[in-house]
Amino acid sequence: MMHGMRAGFSGWFIFALCASLLGCRSTPKTPSDGAEPPIAEAPPKGRKLTEVLTMTPGGRPIEVHRFIGANPRYRALIFFSIHGDERPAAELADAFGIWLEEHPESWAEREICFIPVMNPDGLASRTRVNGAGVDVNRNFPAENWQTQARGARYNPGPFASSEIETNALVRCIERLPPDWIVSIHAPLACVDWDGPGEALARAMSRANGLPARKVGYPTPGSFGSWAGVDRGIATVTLELDDRLEPEDLQRQLAGLEVAVTWDPQREAGARP
Ligand SMILES: [Zn+2]
C-alpha cells in the first residue's frame, strides 16, 4: 500500500539550483567519457507541518504534526491520549515528539502523522471520557458499536460518531490514509493489535519488553474495531504500564522507533 507522493519542494529547488549553476559555469568535460562532473548535492531534508484537526467543545485544539520525509514511501499514524486519565501515555507523547524532531533520519522515507493528544478536554480534566462524558474509544462507527456499556467510564455516546474527537480522527484517516496505526494507552502493559497488525505488534514487543497479546475482552465501537477489523488497516494498541519510569522511557521510545521505521514490504518478504 504505497502512496504516490509528489517530489518535495526542496528536491525541485535543489534541481533548479544545480541546473542554473551548470548553465552559468563553463564546466570542463573530462576527456575520458565526456560525462558531467558529479554535483555535490546536499541531502534532501524532511519537513514538519502542524495542522489543527478540530477545536474541541472545551476550546482546545486537536493537532496533528506531520513529519514528512524527503522521500516518503509509507505513512504511519501514531496518536496518544484518546483517554485523558492515562498519564504514562501523555508523558511518552512529550518524549516522542522531541525524539521525532531529533531523529529525522528515522522518517526520511516515511510520513509520520503524530497526534500528541486526541482527547485534550479529557486530559485537562484527567478523565477517561471527553468533555461530554463519552468514551471516545467506544464511539467509533464500527460494526460492533453498541449502546450498552459496562459503566459510565465506557459511555459509547448517544450514537456512533456523535463526538467531535471521533469525527476528527475519522476525517484525518480518510484525508491522510495511513499504512499502519499505533494508539497509545495505559495501564494494561501489553502490545495488542487489530486487523493485520500482529507482525508490527510483535516487533514492537521485542523492542519495548511488553508482551504481545490480545486484551481479551470485547471493545465495541473502539478505534481498533473500526480501523483494524472493519477497515483492515494494521492497528496496534500499545498499553503502557501504570507508571513510566525513566529507564522504561528509553525502551518505549525504542518500541516507537520500530513503529516509525516499520517496512511492511520487507516484513512480507521475510515470511515464507
Ligand atoms: Zn485507554
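First, a word on what this report is: a plain description of the structure on this page. Keep in mind it's a predicted model, so treat the numbers as computed, not measured.

**Looking at helix H4 (residues 164-175)**
Here's step 1: For H4, which comprises 12 residues, the first-to-last C-alpha distance of 16 Å matches the rise-based estimate of 16 Å (1.5 Å per residue) to within 8%.
Here's step 2: Those residues of H4 that fall on the buried side of the exposure criterion are Glu165, Thr166, Ala168, Leu169, Val170, Cys172 and Ile173.

**Regarding unusual backbone geometry**
Here's step 1: Cis geometry marks the peptide bond from Ala186 to Pro187, where omega comes out at 10°.
Here's step 2: By the element assignment, Pro187 lies in the loop between strand S5 (180-185) and strand S6 (190-194).
Here's step 3: One non-glycine residue, Ser161, lies in positive phi territory at about 65°.
Here's step 4: Along the chain, the position of Ser161 falls in the loop between helix H3 (120-125) and H4.
Here's step 5: Accessibility expressed as a relative area gives 17% for Ser161, which makes it buried.

**What about the coordination of the zinc ion?**
Here's step 1: The zinc ion binds to the protein through His83 (ND1), Glu86 (OE), Glu86 (OE) and His185 (ND1), with metal-donor distances spanning 2.1 to 2.6 Å.
Here's step 2: Geometry at the zinc ion is irregular, judged from the four donor atoms that bind it and their angles of 55 to 145° at the metal.
Here's step 3: Mapping the donors of the zinc ion onto the primary sequence yields the spacing H-x2-E-x98-H. Of this pair, Glu86 sits in the loop between strand S3 (74-80) and helix H2 (87-102) while His185 sits in strand S5, and the two are 99 residues apart along the sequence. Each member of the pair Glu86 and His185 is classed as buried.

What counts and how
Residues numbered from 1 in each chain as written. Predicted model: local features only at pLDDT ≥ 70, side-chain atom pairs only at ≥ 80, totals over all residues. Heavy atoms only, no water. Helix = DSSP H or I, 4+ residues; strand = E, 2+ residues; numbered from the N terminus. Expected span 1.5 Å × (residues − 1). Buried < 20%, exposed > 50% of the residue type's maximum accessible area, 1.4 Å probe, protein only. Donors = N, O, S within 2.8 Å, 3.2 Å for Na, K, Ca; no water. Tetrahedral: all angles 85-135°; square planar, octahedral: opposite > 155°, others 65-115°.

Note that every value here comes from positions in space, so none of it alone points to a role or purpose.
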